[in-house]
Every structure is written in structure tokens, then in C-alpha cells.
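# Structure at a glance
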Amino acid sequence: MGICDESRERQVCGGEGDRRNNQTFHHCFPGKPKCYPLHSVVLLTILILAFFGYGFLSSRHLMPAGVRAGHSVAVRDPDGWQVVTLSRMLYPQPMVLTPSRSDALTVTPWLAPIIWEGTFNIDLLNEQFWLQNLTVGLTVFAVKKYMVFLKAFLETAEQHFMVGHHVTYYVFTDRPADVPHVLLKEGRQLVVLSVRSYARWQDVSMHRMEMISNFSEQRFRHEVDYLVCSDVDMKFWDHVGVEILSPLFGTLHPAFYTANRKAFTYERRRRSQAYIPWDEGDFYYIGAFFGGSVAEVQQLTSACHQAMMVDKAKGIEAVWHDESHLNKYLLHHKPTKVLSPEYLWGDWLLDWHPVLKKLRFVTVPKNRQKIRNP
């Protein structure tokens with residue numbers, strides 16, 4: 001069987017090409033007597049698809065060291081289906097009787113992984129997320145005097161945060177003209193979102209939940225796949241990548257990750273919507289680094305904001321503001337992934353436990369009173 005060039009209308013040729021008993025057909029057209037064998041067309045099509053598939057993969061900036069060419073697969077993108085070449089991943093075989101870490105809890109009682117150095121293969125994870133062509137949003141609030149921390153935050157994020165992936169930085173600020181210029185890599189952008197200022201830093205912190213919820217509904221869900229919410233007075237020290245992504249993740253507070261639940265600084269007053277009894281609680285999560293899918297983050301931030309409004313109507317404010325409400329939410333809506341204190345360490349903690357192989361994201365030393373007061 002063969003296929004001819006087509007200019008107007010398809011017709012079946014007579015003569016030697018029309019031998020139906022032998023299943024030999026040629027499709028020809030007026031003025032186009034020359035026919036092309038089907039196998040030639042198929043071969044040409046495969047070569048073209050292979051070429052574009054190679055171009056799709058080679059456009060990545062950071063291919064893992066253990067990657068080699070392998071099989072092809074069709075992947076859906078916004079413009080339709082595209083054939084890409086899957087990589088051969090060369091890495092040590094995981095052994096069932098040889099756990100990656102034996103010095104720390106690596107899975108919660110509800111089967112959510114706890115992410116430590118040594119518990120994941122970043123090359124494997126990068127490959128999976130590259131194929132999905134996902135975009136990660138990173139929200140940060142640079143309000144009032146906290147603008148001073150934004151430049152270092154963005155510069156270190158460009159070095160260590162989601163390297164090789166599409167990222168949109170969402171900077172909430174009351175000082176848009178003061179947002180520093182930072183050179184961003186290809187596939188990464190910065191969006192400035194103007195917000196009002198508040199007299200108290202506690203109000204800025206608590207209204208963060210409201211603003212993230214509103215923008216998730218109005219904008220973020222149309223632009224990114226995952227949302228990571230962070231404080232701005234931080235610096236990235238080491239790799240923070242797609243290993244953190246999950247429908248909903250929280251981060252263990254560095255001051256409480258070894259503590260008994262009775263030592264957690266939960267809200268203990270029954271009148272508050274953030275109240276947690278003394279005999280309840282899994283972990284104490286820090287409010288400075290959480291996230292997940294846009295839908296899950298929108299649900300979390302909306303619930304926390306509503307709870308804070310109920311408290312406000314009662315004339316009560318949770319002991320640790322939005323962080324208290326975050327802990328109440330994650331107690332009843334278990335995170336699907338938990339980040340170890342590697343992913344947020346406090347500058348006030350001079351020593352760290354040997355279980356911490358890396359410090360990836362660290363608070364910046366500062367005079368808190370000076371920064372928080374008008």
C-alpha cells in the first residue's frame with residue numbers, strides 16, 4: 001500500500017496498482033501520477049517525531065548524570081500529544097532490607113513520607129516532573145521593613161530552589177517600587193502583587209492566609225500547579241527541589257522535632273478555633289514553609305483565615321497567630337508529605353543533631369524588635 005501527494009480529491013488508481021486480490025493498492029490523484037510507498041512515509045514520520053522528541057528533552061538545562069537514552073512515549077502537552085524519549089536511569093537498586101535511613105522516622109503513621117537527605121533520588125524525581133511539565137509558584141511577603149530580606153531570598157532561591165524547573169515568584173508587598181532586580185534563569189519569572197500594610201506584624205502574618213487564599217482562587221490556579229508558601233527572612237543554603245512537592249506538605253519546626261507533644265506550643269485555650277488538647281497532636285509544624293497543590297493550599301489558607309475571623313469576633317488571638325491555626329488544620333487534614341528540619345532551620349539554634357545531614361533553608365539573623373516595630 002502507498003500514499004501519494006494530495007492536491008484536491010483522493011481517488012483510487014487503476015492498472016497495475018489496483019490489485020485487490022493481492023492487497024496491493026495505490027492512492028493517486030489527478031496530475032500526481034507519482035506514488036510513495038507507505039513504509040517510506042511511516043519511516044519519515046517516525047524520524048520527524050524522534051527529532052522533535054529529542055528537541056523536547058534536550059531543551060532541559062540540567063540533565064541528571066545517570067541519564068541515558070531509552071524508550072519513547074507519547075506525552076500530552078497544552079498543544080496536544082508529543083513523543084519524547086524516556087531516559088535510562090542508572091542508579092543503585094533499592095534494597096527492601098536495607099532502609100535508606102535508620103536514624104530517623106521516614107514515614108508517618110498515616111503513610112506520608114518524611115523527607116530527609118538520603119531518602120530520595122533527585123534524578124528520578126526530576127525526570128518524572130520534567131515529563132509532566134509542571135510550574136511551581138513560590139509566595140513570599142516583603143512588607144514594610146521585611147523588604148530588606150527580599151534580594152538575598154531571591155538570589156539564593158535562583159541557586160537552590162527548583163533548579164531546572166519552571167518557577168513563578170509571587171512577591172506580596174506594600175512597596176512595589178523597592179522590589180530589587182534579580183537576574184532570573186530561563187523559565188522563571190517574578191510577579192509583584194501589591195497589598196496593603198498593617199500596623200502590627202501579627203496582622204501582616206495573619207492576613208497572609210487571606211491573601212494567599214484569595215489569589216489562589218483568582219489567579220494562582222490558572223498559572224501554576226504547586227504553591228510553596230515561605231517567609232522572606234530566609235536564605236536557601238542547599239538544594240530544595242521537587243522532592244518536597246505533594247498535594248499537601250508541612251515542615252517540622254526545628255525547635256520541636258524531638259519534643260513530646262505536651263511541649264508543643266499549640267493553642268491551649270478552648271475558646272480559640274486553634275485549640276488542640278494536651279493529649280493530641282502529631283508534630284509541631286512551622287508556619288514559615290508549607291505548600292502543596294493550589295487547590296489544597298487554597299483550602300488550607302481559607303480555613304485558617306475563617307478560623308481567625310471567628311476568633312477575632314470572640315476577642316481572642318491564637319498564641320502563635322497563623323501558625324497556631326496551621327497546626328490545627330494539619331492535625332485534622334493530615335499532610336501527604338512532611339519535610340524534616342533540613343528544610344527550615346533557625347539561626348538561633350547554634351547546634352544541630354547529627355540526624356541532620358544538610359541544612360537547606362535557614363532563617364537570617366536579625367533584630368526582631370527592630371524589624372517588626374514601625
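Predicted model, so just to flag it, every value in this text is computed and none were measured.

### Quick notes on the overall build of the protein
- Counting its secondary structure elements, the protein contains 7 helices and 16 strands.
- By the burial criterion, 45% of the 374 residues in the protein qualify as buried.
- Partitioning the contacts of the protein with sequence separation of at least 6, the portion at a separation of at least 24 is 70%.
- For the protein, the accessible surface area stands at approximately 20100 Å², while carbon and sulfur atoms represent 56% of it.

### Some details on the packing of aromatic side chains
- One pass over the structure, following the stated rule, counts 21 aromatic pairs.
- Relative to F361, the ring of F289 lies with its centre 5.0 Å away and its plane at 55°, an arrangement referred to as tilted. In this pair, F289 sits in strand β14 (residues 289–293) while F361 sits in strand β16 (residues 361–363), placing the two residues 72 residues apart along the sequence.
- Taken together through their ring pairs, the aromatic side chains of F153, F161, F236, F249, F289 and F361 make up a single cluster.
- One Lys or Arg, R268, reaches over the ring of W278 and ends 4.0 Å from the middle of that ring.
- Over the face of the ring belonging to W110 we find K334, whose NZ or CZ atom lies 5.0 Å from the ring centre.

### Comments concerning the sheet that holds strand β15 (residues 337–339)
- Reading across from one edge, β7-β15-β13-β14-β11-β8-β9-β10 is the order of the 8 strands in this open sheet, with mixed pairing throughout. Each of the sheet's edge strands pairs with one partner strand only, and the pair in question is β7 (114–115) and β10 (188–194).
- In terms of strand pairing, strand β8 (residues 135–141) meets strand β9 (residues 166–173) through 7 bridges, oriented parallel. Counterpart to T135 in the pairing with β9 is H166.

### Examining the pairing of strand β13 (residues 248–251)
- Every second residue of β13 is oriented toward a common face, with L248 and G250 on one face and F249 and T251 on the other, all of them buried.
- As judged from the 2 bridges shared by β13 and β14, these two strands associate in the antiparallel manner. In the strand pairing of β14, L248 is matched with G292.
- By the bridge criterion, 3 bridges tie β13 to β15 in an arrangement that is parallel. Note on β15: the bridge partner recorded for G250 is V338.

### Details of helix α5 (residues 294–314)
- The end-to-end C-alpha separation of α5 is 30 Å, in line with the 30 Å expected for 21 residues at 1.5 Å each.
- Where α5 ends, the next residue or the one after it, G315, has phi of about 75°, a positive value.

### Observations concerning the nonpolar core
- Residues L150, F153, F161, V228, I244, L245 and F289 are the most contacted members of the largest nonpolar core, which totals 41 residues.
- Secondary structure elements with two or more residues in this core: α2 (122–132), β8, α3 (150–160), β9, β11 (226–230) and β12 (234–236).
- Not counting chain neighbours up to four residues away, the residues in contact with V228 comprise V136, G137, L138, T139, F161, I244, L245, F249, F289, F290 and G291.
- If you look at the next biggest cluster of nonpolar residues, it comprises 38 residues, including F141, F172, L193 and V362.

### Some words on the side chain of T251
- As for its placement among the helices and strands, T251 is situated in strand β13.
- From its side chain, T251 meets the backbone oxygen of F289 in a polar contact 2.8 Å long.
- Once you skip the residues sitting within four places of it in the chain, T251 turns out to touch Y284, Y285, I286, F289, L339, S340, Y343 and L344.

The rules behind each value
- Residues numbered from 1 in each chain as written.
- Predicted model: local features only at pLDDT ≥ 70, side-chain atom pairs only at ≥ 80, totals over all residues.
- Heavy atoms only, no water.
- Helix = DSSP H or I, 4+ residues; strand = E, 2+ residues; numbered from the N terminus.
- Buried < 20%, exposed > 50% of the residue type's maximum accessible area, 1.4 Å probe, protein only.
- Contact = heavy atoms within 4.5 Å.
- Areas by Shrake-Rupley, 256 points an atom, 1.4 Å probe, with all protein chains shown as cover.
- Phe/Tyr/Trp six-rings, centres within 6.5 Å; stacked < 30°, edge-to-face > 60°.
- Lys NZ or Arg CZ within 6 Å of the ring centre and 35° of its normal.
- Pairing = 2+ DSSP bridges.
- Expected span 1.5 Å × (residues − 1).
- Core = buried A, V, L, I, M, F, W, Y, C linked by side-chain atoms within 4.5 Å.
- Polar contact = N/O pair within 3.5 Å; in protein donor to acceptor, adjacent residues only side chain to side chain.

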